[in-house]
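# Geometric and topological summary
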Amino acid sequence: MSISTKSFEIFCGTGGVGKTTLATARALAQASTGLRVLLITIDPARRLKDLLGLKEDSIGDICPVEVNHIKLHALLMSPEKTIQRMAEKYQTPDLASNRIVKILSKPYGGMNEILSLVEVQMQFDSGNYDVIVLDTPPGAHFLDFLEGIGKIRSFFDQSFVEIFSYIGSKTASAGKKVFGFGIINRVISGGLRKLLGYLQKFTDAKFIEDFIRAVQIIYQSKEAFLKGLSLQDRLKSKEECNWFLVTSVEQGKAQEAIEMKNHASSFIHQDHFLVLNKCLEQEMKDWHPGDEKLKLIRASLDIREKELKESLRSVFPHVLEFPEVMSLEPIEHVNNLTEKWKSYVP
Ligand SMILES: Nc1ncnc2c1ncn2[C@@H]1O[C@H](COP(=O)(O)OP(=O)(O)O)[C@@H](O)[C@H]1O
Ligand SMILES: [Mg+2]
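For the structure given in this document, a descriptive report is provided here. This structure is a prediction, so every number in the text was calculated from the model and none was measured.

## Regarding the overall build of the chain
Within the chain, the regular secondary structure consists of 17 helices and eight strands. Counting all 346 residues of the chain, 49% fall into the buried class. Considering only residue pairs separated by 6 or more positions, the chain has 75% of its internal contacts joining residues 24 or more positions apart.

See below:
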């Protein structure tokens, strides 16, 4: 079986199943055929950093890496650096300097997902890559975000316009004076009025000015955000994106994968792959224990894995199996799994 090359590949799944390891191996297998590959991780766990030997100060930068003479580029997502790149590309320097935007674009500032999409879109636009492989954080959060994109889009279209009609135009008189405008109090939504009220009480006028300015700057950068969000159409398309839902033979993990698939059913297209990691079948073939107790253990492991595979095959269109690599060295896991991925490269 071969898996065709697509512009985007997404690895998702619960924690510890091997997403980062498999995404790295997949990226290397594709790069080994001469494709220009960018591997991006938005997992704050930063395992990729250790795996590829990247330095702390390289976080957020696109770094050339070489593993076993295979070359590719890797990026450990940092929302702050993405904001800087956006500011440069779209010539909106205020985006990188406003202090509220800075807070929002901290790693847990809430803009992680949207900025990841903007980053992927910018890298795709650069034309420098044939394939962008995306390693996501554990859990369904990123998928939930993708599912909710429609709402965010309409937020840009409607809510912002609403906010602007009443506040944006008054930026010049920001600060205490803003609240003197009767029309604002009458027209803007209760929630926003409340928020501005709190801000006025607990912060200085400069903060409110920065806040209003931040809303304005984000709106002015609307094009970049909306372009990032429009990436969803590509990610949803069979022709442009490979989805790898990763799980492992450990107990309970497969059920989590099934739940995740159901969770994002409108997003993950029908042609996705279930990647079953850490399979023991191959290893057990050459294991013939003499001891009775070990025989029982072997038989039960064998049955458990067979049943698991059967149940997964009934739910997922394509199941790819990867072996448990008998080593304590993470780079050995990557090397071994890269060879396995090579067998799927057309
Ligand atoms: N096929 C495998 N065989 C053995 N160990 C593996 C395999 N795949 C991953 N690992 C190891 O499992 C641990 C978790 O892998 P990781 O890729 O960080 O998972 P995730 O990104 O899903 O949290 C790491 O120590 C990794 O080296
Ligand atoms: Mg990971």
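What follows continues from the structure just given.
## Notes on the coordination of the magnesium ion (ligand 2)
The protein atoms that coordinate the magnesium ion (ligand 2) are Thr-20 (OG1) and Asp-43 (OD), at distances of 2.1 to 2.5 Å. Of the two residues, Thr-20 sits in helix 1 (residues 19-31) while Asp-43 sits in the loop between strand 2 (37-41) and helix 2 (47-52), which places them 23 residues apart along the sequence. Classification of Asp-43 as buried rests on a relative accessible area of 9%.

## Things to note about the packing of aromatic side chains
The geometry of an aromatic ring pair comes down to the distance between the two centres and the angle between the two planes. Across all of its chains, the model carries 10 aromatic pairs by this definition. An angle of 50° between the planes, with centres 4.6 Å apart, marks the rings of Phe-322 and Trp-341 as tilted. Here the residue Phe-322 occupies a position in strand 8 (residues 318-323), and Trp-341 occupies one in helix 17 (residues 330-342), the gap between them amounting to 19 residues. Given the relative accessible area of 1%, Phe-322 is considered buried. Measuring from centroid to centroid gives 6.0 Å for Trp-341 and Tyr-344, while their planes differ by 65°, and the two rings are edge-to-face. Take Trp-341 and Tyr-344: they sit in the same class, and that class is buried.

## A few points about the nonpolar core
Grouped together as the largest cluster of nonpolar side chains are 64 residues, with contacts concentrated most on Ile-40, Met-86, Leu-117, Leu-146, Leu-235, Trp-243 and Leu-312. No fewer than three residues from each of domain 1 (8-147 + 237-342) and domain 2 (151-226) sit in this core. Beyond its immediate chain neighbours, meaning those up to four positions away, Leu-146 contacts Leu-117, Gln-232, Leu-235, Trp-243 and Phe-267. Listed in part, the 38 residues of the second largest apolar core include Ala-29, Ile-59, Leu-72 and Leu-320.

What counts and what doesn't
Residues numbered from 1 in each chain as written. Chains lettered and ligands numbered in written order. Predicted model: local features only at pLDDT ≥ 70, side-chain atom pairs only at ≥ 80, totals over all residues. Heavy atoms only, no water. Helix = DSSP H or I, 4+ residues; strand = E, 2+ residues; numbered from the N terminus. Buried < 20%, exposed > 50% of the residue type's maximum accessible area, 1.4 Å probe, protein only. Contact = heavy atoms within 4.5 Å. Donors = N, O, S within 2.8 Å, 3.2 Å for Na, K, Ca; no water. Phe/Tyr/Trp six-rings, centres within 6.5 Å; stacked < 30°, edge-to-face > 60°. Core = buried A, V, L, I, M, F, W, Y, C linked by side-chain atoms within 4.5 Å. Domains from an automatic or database assignment.

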